[in-house]
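What follows is each chain in one-letter form.
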Amino acid sequence: MFDVRTVESGACCEQERDSGDSAMSMTARRRRAFQRQACLLSVLAAFSLGLALGVFVPLIGISQAATKGAIVVDGSSSSSSSSSSSSSGGSLNLEPQPSLQALHHSAHQMPHFPTIDDIRSDEPTGPRGRYASVSFIAEEKLAGEGEVIFHPKLDAESLADRKLPSPSASIVEQMLAGSSKVAPAPQILERRESRASKLEDVDERENVEGVIRDGIYWGPSVERALPVGFDRRQSESWARYLREAEVERLEIGCGRMQNRLLVFRDGTRACARYRQNTDQIQGELFSFYLGQLLNLTNLAPSAASIIDPEARLWAAATEELAGAQWKPTKPVVITKWIGNLEPAGIPQPFRPLERHLNRFDVRNITEGLDRPRDGVRRLLLERLGPARDIPVGTPSSTTLPSATPPPEVLDRLVELAQWSDLIVFDYLIANLDRVVNNLYNFQWNADIMAAPAHNLARQTDSSLLVFLDNESGLLHGYRLLKKYEAYHGLLLDNLCVFRRSTVRALEALRDASVGQRLNALFERTTTAQIRDVLPPLPEKSVKILVDRIDRVLGQVQKCRETFADR
């Protein structure tokens, strides 16, 4: 029988269940709505607090700075503050803080490579002093933990008194130049003037006998310490040896896969450079000839030869020639093997973003001021402190070095002197495969400047830098000038110390026809068989070389006008 009460009770339970579900869903919706409102209110509160901190707090700081001024250390001296400074041990100069817009502009300014024009310009920050060719990715690193970055105010009078350049001086020199504004007593002034006159005498004597001569040339003490290297007589002796020598075997080695290490019957070894085209063979050979014209002794003796299995030179190694897949009648460059070589790194003055080398950088090296040491920091603290009564006989911390620097300093100067030749030489031939390789990859790897330079080695027994593998010079490198010229000029634009013999050789090449002299060396040191397959240096390359010689001599003239003694 159908029960009506059962149906009614089931309907009531269903109705109660629906009402309970609707109540629960309404509670959940209210909870979610409350959470959204709370989240929105917290975001609005955080935004309002940040807006208040970002707007009102700087305005309060600017108003306080405009009212009270900023305390900076002034390196200049004034007669009006002499009395107060003598009693307090120093004086303070009040200057307004720069605007936020100026601070923002300086903080986001692109990295700049200083050139010699920056030093000569009256406004170092103006357009005349900007180098607009290339900007690398700068990665600034702190020199050490706990160091204080100090930016003194330099003026023309203080720089003139201390004989330091305003933009080219290192940070240590700038700190020493404008470190304090202490007005000393008349007795101390008299003693300092006496000491300054003695320093000028030392400066004149150093100019004649020391590490720098005429402001832009390496001095006799450095020239005498340079390693002998390979002169023209050794090169001529090597060419004569190859005309009589016999190759016993070929071994894998000497760089690229197609090159071979030659072992002669008497045990002498050499590196042979083999290429499918003649451009790189010409580049290696004529770069060597240019080094001879510049009197550079850093290039190993080299000579050209022809692969001829019937010739005396190759007759005993015909099987090795076939195994190396060297084709007959192809030209090769045979370079004397140099032993005891180790990788050579880039010197410290050329590693950072603002790389340069001039007479003041050399003085920093001779005084040991180019490295942040504890002794230098103590020296700076003493200079920043109040003036003391210094006896006349006490040596000054800025005294120029003696005519003969200590051995460890002289070793660094000898390396830099060879690097000055390397920079000039690589710019002339537009070598892509040495320092330009490091400079180009610096935009991706900021530590590459601390890595060994490509195709550069040092003899362990003589500290001679050997300029290896110059095959990209004069031809291949000239074709890629549009892409790499900015990198070629980076080091040259900041070099202001040269070897006098190199500059004189460049002047002689400018007055004479460098193309004729190079081709004369080519004809004198090669046979007619070699000249049939290996052409002379193209006229287009000769014209580019002449322009680059003028460019180097123009840089020498700029340095002479800026740094030469007057």
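Residues numbered from 1 in each chain as written. Predicted model: local features only at pLDDT ≥ 70, side-chain atom pairs only at ≥ 80, totals over all residues. Heavy atoms only, no water.

(A) Region of the structure containing the pairing of strand β9 (residues 331-336). Summarising burial for β9: five of the six residues are buried, a large majority. Summarising the sheet, strand β7 (residues 269-274) and β9 pair through five bridges and their orientation is antiparallel. Residue pairing for β9: C271 is matched across the bridge by T335. (Buried < 20%, exposed > 50% of the residue type's maximum accessible area, 1.4 Å probe, protein only. Helix = DSSP H or I, 4+ residues; strand = E, 2+ residues; numbered from the N terminus. Pairing = 2+ DSSP bridges.)

(B) Up close: the packing of helix α19 (residues 514-525) against helix α21 (residues 539-563). The contact between α19 and α21 brings their axes to 9 Å, and the two run at 120°. By the angle between their axes, α19 is oblique relative to α21. Contacts between α19 and α21 involve V514, G515 and L518 from the former and V542, L545, V546 and I549 from the latter. Looking at the contact of α19 with α21 residue by residue, the classes come out as six nonpolar, one polar and no charged. (Axes fitted to C-alpha atoms, helices over the stretch in contact; angles between N-to-C directions. Parallel < 35°, antiparallel > 145°, perpendicular 65-115°, else oblique. Contact = heavy atoms within 4.5 Å. Nonpolar A, V, L, I, M, F, W, Y, C, P; charged D, E, K, R; others polar.)

(C) Quick peek at helix α9 (residues 232-244). Between the first and last C-alpha of α9 there are 19 Å, a value that for 13 residues agrees with the 18 Å anticipated at 1.5 Å per step. Inspection of α9 places S235, W238, A239 and L242 among the buried residues, and these make up the whole buried set. The arc enclosing the buried residues of α9, seen along the axis, measures out at 100°, which places them on a common side. Every exposed residue of α9 that faces more than 90 degrees away from the buried side is listed here: R233, R243 and E244. In this structure, the buried residues of α9 make contact with β6 (260-264), β7, α10 (279-293), β8 (302-306) and β9. (Expected span 1.5 Å × (residues − 1). Arc of directions from axis to C-beta.)

(D) Region of the structure containing the state of the cysteines. Evaluation of the coordinates by the stated rule reveals two disulfides. A disulfide bridge connects C254 with C271, and the sulfur atoms are separated by 2.0 Å. What sets the handedness of the C254 and C271 disulfide is the S-S torsion sign, and at about -75° it is left-handed. With C254 in the loop between β5 (247-252) and β6 and C271 in strand β7, this residue pair connects regions lying 17 residues apart in the sequence. Between the sulfur atoms of C496 and its disulfide partner C559 the distance amounts to 2.0 Å. (Disulfide = S-S within 2.5 Å.)

(E) Structural detail: the sheet that holds strand β11 (residues 452-459). Here three strands make up an open sheet; going across it, the order is β10-β11-β12 and the pairing antiparallel. A single partner strand is all that each edge strand has here, and the edge strands are β10 (341-345) and β12 (465-467). Strand-to-strand twist of the sheet, defined as the mean angle between neighbouring strand axes without regard to direction, takes the value 50°. In this sheet, β12 lies alongside β11 in antiparallel orientation, the contact comprising three bridges. When the sheet's bridge partners are listed, L456 is paired in β12 with F467. Lying over the sheet, helix α14 (residues 407-429) contacts β10, β11 and β12, oriented at roughly 10° with respect to β12.

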